[in-house]
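Examining the three-dimensional arrangement
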Amino acid sequence: MSNATTPIPHDPGNLNQNQNQLAVSVFLLPILLKSLLTLALLYFSNILRKKTLSAYYLRRLPLVNGRPFFGLGSARESKRVFHTNARGLLREGFAKAKDGAVFRVETDDVQVVVLSPEFANEIRNDARFSFTDLISEECLSHIPPFRNFNPHAGLNDIAKDVLQKRLTPSLGLVTLVISEEATQAFKEHWTDSTNWHALDAQATLVQIIARVSSRVFLGPELCRDPAWLRVTVGYTLTVFRGVMALKAWPSLLQPLVWRFVPEVKRVSAQIEEAVGIIGGVVEGRGRSAAKLRKGSGMRGKGEGEGDQPRLDVMQWATEVANGRRYDPTLLQLGFSMASMHNTTDLVTQVLYDLCAHPEYIAPLRKEIETVLESEGMTKSGLASLKLMDSFMKESQRLKPSELLGMRRVLIEDVTLSNGIFLPRGTQVGIPTTTTPLRTQDPISDPTSFDGYRFTKMVSDPDPQKEKTRHFVSTSPEYLGFGYGKHACPGRFFASHEVKIILCHVLLHYDFKFAGADADVNKEVDVKPPAVLDMGWASIAQPGVKLMVRRRENVDELLLHR
């Protein structure tokens, strides 16, 4: 057999066709390039026009951390200052502003108009001030891996309905479930050792809170699953890094390059892993429910083991959806992002403050024992922990999770009550600390820590103070959970969960700051660790070591009845 290849006969018709296609391509290429260049010019000129108009309308407002319109070095310096000293910029702004009312701050990518707390009531329920549009804009919700931030995806509405119609009314039903899961989680991460031993406060608490929260969000199937806990703990940081990495690209190119940005690819990979984990549970529950209905001849609703109803977010979402389509995986990841790290940050800071002010530990333990003995580990019992509630609020007052609260973006032009005009697209916010209002507290020194500060309001003749003294209460003076229509709807669950965790810590463990060498016999400074400010975010210092030991002769039943 010959190995010679058979030559392909020459076809003049094919050659002419190829030549014609080449000619058309050569003709169209300049037109295509010109069109792309025109679109790019129009895009950037529109951005320039908006920035110019915004700068013109807002030019009379004092500006801090400003930079020249052009100048890469100055822009980088402004970003650096914002990321490392946003707290100082707020102080500088209030010093500059007339009557401390309104000023601008140059942040990492946009100018933000800072309003004093006197505007809180004015904007709190104004639909022109949009929180969801701000999150959508900041988190690049038009990019597929970040689609759970899209206000039009329906996840926000489903999540809000779950919180308001199911989770908050069911807190009394999940109290013992949370406490039981907390017992197991603390045994694993803080141990039962009665000897002093060092541990990383924040790193262990995030694992404990991930388990406890997942018990309520997903039920018993996944709350101890290592793969899910890894995803739920890491997702928030993965998304943050992905958004920051993509923002380094011009916005015009972001829809094209996101597939090739490593940090964004990691977000997609994490979502795919979560789909595989949660999808299996969804399918398993569907099969179990179908089998149970078939066996009993009844159309059960939310069956768990036997005929017990399931008490978790996954089940509640199916009930409140009422035919609305939603992605159960993205919903769960959204719950993780909204609650996991914020709750961990709060508990971590409360423990730091307890270590810095150990004189509160004994009265807190006494309160817990007294309340749990009389009312048990119940919703009403947790609500009776008035000193704990006050201590938590004081801790949050001095170290909120964000330096700027009530953040919004204007979807229409607005003229404030003082006559200041704010054009559409302007971002605004109100400080949660460092404002004139918060330096004139007639009760006590607002710069000092007073764990009893809000218990003193119980007998205050002013009914407004009694109304706002609670940890979950919101007001212009206390914006830790926001204020108005966009106040955090999950704050009631957060408060409930944190109190249960603190009951376990205070009853089960002795704890204090460790020395640099983790030597329990070494005297250490009892000041709380410095807060880590990153832009508007205010974070309890990570990596701080605590010395802990299990207490003996504790009535275990107090936490489980």
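Residues numbered from 1 in each chain as written. Predicted model: local features only at pLDDT ≥ 70, side-chain atom pairs only at ≥ 80, totals over all residues. Heavy atoms only, no water.

Digging into the overall build of the protein
Within the protein one finds 17 helices and 13 strands. Look at the contacts in the protein between residues 6 or more apart in sequence, and 73% of them connect residues 24 or more apart. Within the structure as shown, the protein displays about 28100 Å² of accessible surface, and the carbon and sulfur contribution to it stands at 56%. (Helix = DSSP H or I, 4+ residues; strand = E, 2+ residues; numbered from the N terminus. Contact = heavy atoms within 4.5 Å. Areas by Shrake-Rupley, 256 points an atom, 1.4 Å probe, with all protein chains shown as cover.)

A few points about the nonpolar core
One finds Phe146, Trp190, Leu351 and Leu354 to be the most contacted residues of the largest nonpolar core, which totals 105 residues. Of all the elements, helix α12 (residues 328-356) adds the most residues to this core, at 14 residues. Apart from the residues lying within four places of it in its own chain, the contact partners of Leu351 are Trp190, Leu205, Leu502, Val505, Phe511 and Leu546. Core analysis: the next-biggest nonpolar cluster, separate from the first, contains 19 residues, Val113, Leu115, Ile123 and Leu479 among them. (Core = buried A, V, L, I, M, F, W, Y, C linked by side-chain atoms within 4.5 Å. Buried < 20%, exposed > 50% of the residue type's maximum accessible area, 1.4 Å probe, protein only.)

Some thoughts on the packing of α12 against helix α15 (residues 386-398)
Between α12 and α15, the shortest axis-to-axis distance is 10 Å and the interhelical angle comes to 100°. Overall, the two elements α12 and α15 adopt an arrangement that is roughly perpendicular. Counted together, Leu346, Gln349, Val350, Asp353 and Leu354 of α12 and Phe391, Met392, Ser395 and Gln396 of α15 form the full contact between these two elements. Its residues assigned to classes, the contact of α12 with α15 shows five nonpolar, three polar and one charged. (Axes fitted to C-alpha atoms, helices over the stretch in contact; angles between N-to-C directions. Parallel < 35°, antiparallel > 145°, perpendicular 65-115°, else oblique. Nonpolar A, V, L, I, M, F, W, Y, C, P; charged D, E, K, R; others polar.)

Comments concerning the environment of Arg259
The topology assignment puts Arg259 in the loop between α9 (254-257) and α10 (262-296). Take Arg259: its relative accessible area is 48%, and that puts it in the partly exposed class.

Considerations on a nonpolar patch on the surface
On the surface, Trp249, Leu252, Leu253 and Leu256 cluster together into a nonpolar patch covering about 350 Å² of accessible area. With respect to the secondary-structure elements, Trp249 resides in the loop between α8 (226-247) and α9. (Patch = residues over 30% accessible without salt bridge, like charges linked within 9 Å, V, L, I, M, F, W, Y side chains within 5 Å. Salt bridge = Lys/Arg side-chain N within 4 Å of Asp/Glu carboxyl O.)

Some thoughts on helix α11 (residues 313-321)
α11 sits mainly inside the fold: seven of its nine residues count as buried. Turning to α11, its buried residues are Val313, Met314, Gln315, Trp316, Ala317, Val320 and Ala321. At the C-terminal side of α11, Asn322 shows a positive phi close to 50°.

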